[in-house]
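An overview of the molecular structure
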Amino acid sequence: MFGLNGDISKTRAWRKLGKYAQKMRKKQMRDMFAEDAKRAERFALQLDNMWLDYSKNIIDSKAMLYLLALAKKAKVEEKIKGMFTGDKINSTEKRAVLHTALRNRSNEPVYVEGENVMPEINRVLGKIKDFSEAVRLGKFTGHTGKKLTNIVNIGIGGSDLGPKMAVEALRRYHLKDMNFYFISNIDGTATAEVLNKLSPENTLFIVCSKTFTTIETLTNARTCRKWLIDALGEAAVAKHFVAVSTNAEEVTKFGINVDNMFEFWDFVGGRYSMWSAIGLIIAIAAGFENFEKMLDGAYSMDNHFKSAPLGENMPVILALLSVWYNNFFGIRNHVVVPYDQYLTYLPAYLQQLIMESNGKFVDLENNFINYQTSPVIFGGAGTDVQHSFFQMLHQGTSFIPCDFIIPAISHNEIGEHHEILLANVLAQSEALMRGKTIAEAAAELRAKGKSEKEIADLKKYKSFRGNRPSNTIIFKKIDAYALGQLVALYEHKTFVEGVIWNINSFDQMGVELGKQMALKILPELQGEAAEQAHDASTNRLIQLVKRLRK
Ligand code: F6P
């Protein structure tokens, strides 16, 4: 595909980048800014009310040209087309990847195995609309006729992180008399702490599981079901439980009527599913109108992604920058810092999206890979994280590329809060880029009247190497439309990275081994099965746990 052995790292485009990165390592961004008055304009893109400034990266025009050549070599344009038109790009599971069809606002046909999937998608969307409105208006009530004001999403991974992130992001649009909860962890504490706050009569559970076989979700759902039945009886289940799944059979087995089931399909991956009925809680929390606006925002990013030339394409540019540091500077991390309290859960959501998609070591042609794939993603809301891991961003021995996400206007413009927040984020990206030389640090200390001895003792500690890259994504305000754009931007970025690394970004076989082993250990812990030979450490740990639990 890429060459004789299909290895992207053996291509000329890759080698050229390797060489050029050696050269770029010696360049300082602060000098490049000083030399080129147009740099900030040149390395910037806009889509609607969303701006991307990527000028604070260790790049120049030539580096970008080489990166774009790599994208061409990896056939990014063809692969984008293939995804939107339903090619079975999830090769190991032989599935199309069509989360984009869920937000295909043009309603033009999208075919999977010769069948247009849009009528089904629209039917379920209609069901989401009717149900979310009925719950919000108190028309669909609980068993005893009370309004369902506590809505609990039970799901994990993609059936939790997307909806949880979006419900929080859109908190400003929630109805005042409703509360939203998420139970994901198998840890009984997670369930107990939520149920302790609730009363069965006004609680609705949405059990979200693509497969409806996930042990955490089913165990939590069973516990919640029992809690409800203990209080209101079996007949109440129909009014307090709905399911979102691709698996009608398992939903029925669990005891939820298929009338109360919202379908989605195999062509939607778990971590790409918040646009489907997995987002039901988003529609209930923020209103169906906002749910649709979120789809509209994602659709606008889809169109941009499909049609913008590679060099002007936001997801492509972000992916290429990620590849640049990951594969040509040996950088293993990437940090995402939204400066908006409502986007608190965005980094956790992106951890699954990016690392579950691209943490792979076998390529599309069944070969082990000899280059680095997904970086480690972490982050948190600013300014909080400035007081935790930013020390390392500024003075750690290596750099960590950073995405700053900024709404120009806050939903809560109280006094000077937002201006102080904005000043901070802008200062961070400037400080990371510019740094402070030892001479500058010394001059500052001198200006403060420090002795030459004190200056010599402190100047290195007070210096900053700078040249630490960041992208800045600015919105007007975090509303549903902007959220849709932002999430779709990262989805597509992730996809392009996967295309370049020649991997399948849409399976997650790496989560299976631990699940299998847990199923073996569980009966051993419960004493129902004879203990099997594990390694010595695991054997001892099983014994220890059993002893402590006696
Ligand atoms: O962690 C593995 C995984 O399969 C994720 O990809 C998925 O989002 C999550 O488990 C939950 O799966 P399900 O929606 O089938 O319960």
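Remember, predicted model here, so these are calculated numbers, not experimental data. Just so you know, the residues in each chain are numbered from 1, in the order the chain's sequence is written. Confidence filtering applies because this is a predicted model: local features only for residues at pLDDT of at least 70, side-chain atom pairs given and counted only at 80 or more, and all residues used for totals across whole chains, interfaces and linings. Here the side-chain values reflect all heavy atoms present in the structure, with hydrogen atoms and water set aside.

One open sheet accounts for six strands, arranged β1-β2-β13-β12-β10-β11; its pairing is mixed. Edge positions in the open sheet fall to β1 (44–47) and β11 (376–379), since each of these has one partner strand only. Within the sheet, the average angular offset between the axes of one strand and its neighbour, ignoring direction, is 15°. Strand pairing is defined by DSSP finding a minimum of two bridges between the two strands. Every helix listed is a DSSP run of H or I at least four residues long, and every strand listed is a run of E at least two residues long, numbered separately from the N terminus. Pairing of strand β10 (residues 333–338) with strand β12 (residues 402–407), which is carried by four bridges, proceeds in the parallel orientation. Across the sheet, residue P338 finds its bridge partner in β12, namely I405. The contact criterion used throughout is that any non-hydrogen atoms of two residues lie within 4.5 Å. Between N-to-C directions, angles span 0 to 180 degrees; the directions come from axes that are lines fitted to C-alpha atoms, helices contributing only their stretch in contact. Helix-sheet contacts for helix α17 (residues 417–434) involve β12 and β13 (470–475), and the interaxial angle to β12 is about 155°.

Here a cavity means grid points, on a 1 Å grid over the protein atoms only, where a 1.4 Å probe fits yet cannot get out; a pocket means an open set of points with protein on both sides within 12 Å along at least five of seven lines; lining residues are those with an atom within 4 Å of a point. Grid points are joined across faces, edges and corners, and a volume is the space filled by probe spheres set on the points. Taken as a whole, the largest pocket spans an internal volume of roughly 1,100 Å³. Together, 39 residues line the largest pocket, and T211, T214, V511, E512 and K515 are the ones closest to its centre. Secondary-structure elements contributing two or more residues to the lining of the largest pocket are α9 (215–232), α15 (346–358) and α21 (512–525). A total of six residues in the lining of the largest pocket trace back to one element, the largest contributor, which is α21. Of the residues belonging to the lining of the largest pocket, the class tally is 15 nonpolar, 15 polar and nine charged. There are two domains that each give the lining of the largest pocket at least three residues, and those are domain 2 (114–292) and domain 3 (512–549). Amino acids outside the nonpolar list (Ala, Val, Leu, Ile, Met, Phe, Trp, Tyr, Cys, Pro) and the charged list (Asp, Glu, Lys, Arg) are all regarded as polar, and Gly is one of them. Residue ranges assigned to each domain were obtained from an automatic or database domain assignment.

Further remarks concern the domain arrangement of the chain. Along its sequence, the chain is organised into domain 1 (8–73 + 308–434 + 468–505), domain 2 (114–292) and domain 3 (512–549). Summarising the inter-unit geometry, the C-alpha centres of domain 2 and domain 3 are found 33 Å apart.

Time to look at helix α4 (residues 61–73). An ideal rise of 1.5 Å per residue puts 18 Å on 13 residues; α4 measures up with 18 Å between its terminal C-alpha atoms. The buried label applies to any residue whose accessible area, calculated with a 1.4 Å probe on protein chains only, is under 20% of its type's maximum; exposed applies above 50%, and partly exposed to all values in between. If you check which residues of α4 are buried, you get A63, M64, Y66, L67, L68, L70 and A71. Tucked inside the fold, the buried residues of α4 contact α1 (12–24), α5 (76–84), α14 (314–328) and α20 (480–500). Distance and chemistry together define a polar contact, namely a pair of N or O atoms within 3.5 Å, with one atom able to donate a hydrogen and the other to accept it when in protein, and with adjacent residues in sequence counting only for side-chain atoms on both sides. At the N-terminal boundary of α4, the capping side chain belongs to D60, with an oxygen 3.2 Å from the backbone nitrogen of K62. Trailing α4 by a residue or two, K75 shows a phi angle of about 60°, which is positive. A helix is expected to span 1.5 Å multiplied by its residue count minus one.

Let us look at the packing of helix α13 (residues 288–307) against α20. Relative orientation of the contacting elements α13 and α20 amounts to 40°, with a least axis distance of 7 Å. By the angle between their axes, α13 is oblique relative to α20. α20 is crossed by α13, and the crossing has right-handed handedness. Along its contact with α13, which presents N290, K293, M294, D296, G297, A298, S300, M301, D302 and F305, the element α20 presents A480, Y481, L483, G484, Q485, A488, L489, H492, F495 and V496. By residue class, the composition of the contact of α13 with α20 is 11 nonpolar, six polar and three charged. Roughly parallel covers angles under 35 degrees, roughly antiparallel covers those over 145, roughly perpendicular covers 65 to 115, and oblique covers all other angles. Here a crossing is taken to be left-handed if its near helix is turned anticlockwise relative to the far helix by less than a right angle, and right-handed if that turn runs clockwise.

On to the sheet that holds strand β5 (residues 150–154). Ordered by their spatial adjacency, five strands build an open sheet running β6-β5-β7-β8-β9, and the pairing between neighbours is parallel. Strands at the two margins of the open sheet, each flanked by one partner only, are β6 (179–183) and β9 (261–263). Neighbouring strand axes in the sheet, compared pairwise and without regard to direction, differ in orientation by 20° on average. Of the strand pairs in this sheet, strand β7 (residues 203–208) and strand β8 (residues 241–245) are connected by four bridges, and their pairing is parallel. Across the sheet, F205 pairs through a bridge with F241, a residue of β8. The strands touched by helix α6 (residues 118–136) are β5, β7, β8 and β9; relative to β9, the strand with the most contacts, the crossing angle is about 145°. Sitting on the sheet, helix α8 (residues 188–195) touches β5, β6 and β7, and the angle it makes with β6 is about 165°.

Moving on, we come to the packing of aromatic side chains. Each pair of aromatic rings is reported with the distance of its centres and the angle of its planes. Side-chain rings of Phe, Tyr and Trp (the six-membered ring for Trp) are treated as a pair once their centres are within 6.5 Å; stacked means planes under 30 degrees apart, edge-to-face means over 60, and tilted covers the remaining angles. Taken as a whole, this structure holds 26 aromatic pairs when the rule is applied. Look at F288 and F291: their rings are 6.2 Å apart centre to centre, the planes differ by 35°, and that puts the pair in the tilted class. Here F288 and its partner F291 are both found in helix α13, three residues apart, which amounts to about one turn of the helix. A single burial state applies to F288 and to F291, both of which are buried. Their ring planes at 55° and their centres at 6.4 Å tell us that F390 and F404 sit as a pair that is tilted. Within this pair, whereas F390 is found in helix α16 (residues 390–395), its partner F404 is found in strand β12, the two being separated by 14 residues in sequence.

Another aspect to go through is the pattern of salt bridges. Each salt bridge in this description consists of a side-chain nitrogen of Lys or Arg and a carboxyl oxygen of Asp or Glu lying within 4 Å of one another. If you walk through the whole model with that rule in mind, you get 27 salt bridges. In the salt-bridge network here, residues are joined through shared partners; they are E93, R95 and D266.

We call a residue near a molecule or strand whenever a single non-hydrogen atom of that residue lies within 4 Å of it. Residues in contact with the ligand amount to 13 residues; listed here are only the nearest, G158, S159, S209, T211 and T214. G158 places a polar main-chain atom, nitrogen or oxygen, 2.7 Å from an oxygen atom of the ligand. A distance of 2.7 Å is found between an oxygen atom of the ligand and a side-chain nitrogen or oxygen belonging to S159. Accessible areas in this description were obtained via Shrake-Rupley with a 1.4 Å probe; residue shielding takes into account the shown protein chains only. Protein chains shield 87% of the accessible area of the ligand, which is 390 Å² for the free molecule. Using a 2 Å cut-off from the grid points, one finds that the ligand occupies the largest pocket. Classifying every residue of the shell around the ligand gives two nonpolar, eight polar and three charged. Grid points define the cavity or pocket, and a molecule sits in it when more than half of its atoms lie within 2 Å of them.

Take unusual backbone geometry next. Across residues other than glycine, the phi torsion is negative in most instances, and most of the peptide bonds are trans. Here the residue pair G382 and T383 is connected by a cis peptide bond, since its omega of 10° sits within 30 degrees of zero. Located in the positive-phi region is K75, a residue other than glycine, with phi close to 60°. Along the chain, the position of K75 falls in the loop between α4 and α5.

Along the chain, S300 falls in helix α13. Filtering out sequence-adjacent residues up to four positions away, S300 remains in contact with L47, D48, Y481 and Q485.

On to the side chain of N467. Relative to the assigned elements, N467 resides in the loop between α19 (452–458) and β13. Here K27 takes part through its backbone oxygen, which lies 2.8 Å from a polar atom of the side chain of N467. The residues touching N467, leaving out its near neighbours within four places in the chain, are K27, Q28, M29, I58, L432 and M433.

Running from N to C, α6 and α13 cross one another at 145°; their axes reach a closest spacing of 9 Å. Judged by residue contacts, L125, I128, K129, S132 and E133 of α6 engage F288, F291 and L295 from α13. When the residues that make up the contact of α6 with α13 are grouped by side-chain class, the tally is five nonpolar, one polar and two charged.

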